[in-house]
Amino acid sequence: MALFRKKNTPVEKASFDVLPNHLGIIMDGNGRWAKKRGLPRTAGHKEGAEVFRTIAKECAELGIKYVSFYAFSTENWKRSPEEVDAIMNLFKDYLLEAKRDFVKAGDNKIIFIGSREGMRQDLVELMDEAERDTASHNSTTIYLAINYGGRQEIVSAVNKLIAEGKTEITEDDISSELYTVPECDMIIRPSGEQRLSNFLLWQAAYSEFWYSDVLWPDFTVNDLHSALRAFEKRNRRFGG
Ligand code: FPP
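Residues numbered from 1 in each chain as written. Predicted model: local features only at pLDDT ≥ 70, side-chain atom pairs only at ≥ 80, totals over all residues. Heavy atoms only, no water.

Draft legend 1. Region of interest: the nonpolar core. Ile55 and Phe69 are the most contacted members of the largest nonpolar core, which totals 45 residues. Leave out the neighbours within four places in its chain, and isoleucine 55 touches Ile25, Phe69, Trp216, Phe219, Thr220, Val221 and Leu224. Within the second largest apolar cluster, 13 residues are counted, among which are Tyr148, Tyr179, Phe199 and Leu200. (Core = buried A, V, L, I, M, F, W, Y, C linked by side-chain atoms within 4.5 Å. Buried < 20%, exposed > 50% of the residue type's maximum accessible area, 1.4 Å probe, protein only. Contact = heavy atoms within 4.5 Å.)

Rendered as structure tokens:
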């Protein structure tokens with residue numbers, strides 16, 4: 001959809017004194033972006049998927065070690081079957097592309113966080129394959145949150161611990177049974193909303209937040225850099 005992409009936007013060549021070790025991104029505003037243009041919501045998701053590719057690439061180039069993208073929540077199944085199907089097909093396009101190029105050429109690791117339950121079998125197979133094929137890669141880890149809910153992640157961790165026979169549970173026990181996501185240092189949420197929406201509840205305990213009114217399909221590399229500049233200036237005390 002090159003037609004809608006911001007063309008010739010100069011991109012700041014960036015270097016940062018400090019970067020988040022783990023950055024979380026809530027990709028929000030696709031529906032409103034499409035509505036503003038009189039397009040179906042699915043057009044917003046399609047453009048959003050392109051922006052995901054651009055931003056994931058930039059995060060890797062900057063050397064951010066872990067980036068989590070919130071792509072589909074456990075609550076998003078409430079959307080129309082057409083919209084859910086369109087989003088799932090966009091995942092499939094990405095997974096096929098990953099299988100074709102990225103997995104072999106890249107050194108990024110892909111890990112899907114969320115429940116595989118209820119996901120289409122063709123997608124589950126491609127997700128497993130992408131994880132397997134990138135398992136030995138040791139550059140940026142891209143966590144794609146699909147069918148993900150922070151509460152569901154914590155409950156499932158606790159249930160695993162109960163099944164192991166634990167009668168007393170520590171924070172470390174819970175951390176060890178999550179979807180292996182490290183502590184989150186910063187969360188970016190575009191589209192004007194200022195809420196966490198069940199994303200990385202446990203991992204974001206001491207996360208810095210950065211909001212913007214830009215809708216995700218309009219989000220640029222320069223917007224990412226603005227967020228990271230803000231992160232550089234934050235005084236993190238972790239409650240101390
Ligand atoms: C939230 O915006 C966005 C989603 C629920 C879907 C996000 C999916 C993508 C960006 C495509 C993912 C594809 C890949 C390859 C990762 P919204 O629809 O809630 O927007 P609104 O709040 O304006 O309605």
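Once the structure has been displayed, the description carries forward.
Draft legend 2. Broad picture of the environment of alanine 163. Turning to its location among the elements, alanine 163 is positioned in helix α5 (residues 150–163). Given the relative accessible area of 69%, alanine 163 is considered exposed. Remark: the alpha-carbon pair of alanine 163 and leucine 39, spanning 124 residues in sequence, is separated by 48 Å. (Helix = DSSP H or I, 4+ residues; strand = E, 2+ residues; numbered from the N terminus.)

Draft legend 3. Region of interest: the packing of aromatic side chains. For the structure shown, the criterion picks out 11 aromatic pairs. Look at tyrosine 70 and tyrosine 148: their rings are 5.9 Å apart centre to centre, the planes differ by 85°, and that puts the pair in the edge-to-face class. A residue pair is termed long-range when its members are at least 10 positions apart, and tyrosine 70 in strand β2 (residues 66–73) and tyrosine 148 in strand β4 (residues 141–148) qualify at 78 residues. Tyrosine 148 shares its class with tyrosine 70; the two are buried. Aromatic side chains tryptophan 216 and phenylalanine 219 sit 5.1 Å apart centroid to centroid with 25° between the ring planes, which places their arrangement in the stacked category. With respect to burial, tryptophan 216 and phenylalanine 219 carry one shared label: buried. (Phe/Tyr/Trp six-rings, centres within 6.5 Å; stacked < 30°, edge-to-face > 60°.)

Draft legend 4. Representation of the site of the ligand. With respect to spatial proximity, 19 residues lie near the ligand, and among them Gly31, Arg32, Arg41, His45 and Arg79 are the closest. The backbone of glycine 31 places a nitrogen or oxygen atom 3.1 Å from an oxygen atom of the ligand. Separating an oxygen atom of the ligand from a side-chain N or O atom of arginine 41 is a distance of 2.9 Å. Relative to its free-state accessible area of 620 Å², the ligand is covered by the protein chains to the extent of 92%. Sorting the residues of the shell around the ligand by element identifies α1 (30–36), α2 (41–62) and α3 (81–105) as the ones contributing at least two each. Ranked by the residues each element gives to the shell around the ligand, the list is headed by α2, at five residues. (Near = heavy atom within 4 Å. Polar contact = N/O pair within 3.5 Å; in protein donor to acceptor, adjacent residues only side chain to side chain. Areas by Shrake-Rupley, 256 points an atom, 1.4 Å probe, with all protein chains shown as cover.)

Draft legend 5. Representation of the side chain of asparagine 147 within the structure. Mapped onto the elements, asparagine 147 comes out in strand β4. We classify asparagine 147 as buried; its relative accessible area is 5%. Looking at asparagine 147, its side chain comes within polar contact range of the side chain of tryptophan 77, at 2.8 Å. Engagement of the side chain of asparagine 147 in a polar contact is seen with the backbone oxygen of glutamate 117, the distance being 2.8 Å. Contacts of asparagine 147, omitting those with residues within four sequence positions, involve Phe72, Ser73, Thr74, Trp77, Gly114, Ser115, Glu117, Met119 and Gln152.

Draft legend 6. Region of the structure containing the environment of tryptophan 77. Of note, tryptophan 77 is situated in the loop between β2 and α3. You can call tryptophan 77 partly exposed: its relative accessible area is 34%. Considering only alpha carbons, one finds tryptophan 77 and asparagine 138, 61 residues apart in sequence, at a separation of 33 Å. Filtering out sequence-adjacent residues up to four positions away, tryptophan 77 remains in contact with Phe72, Val84, Met88, Gly118, Met119 and Asn147.

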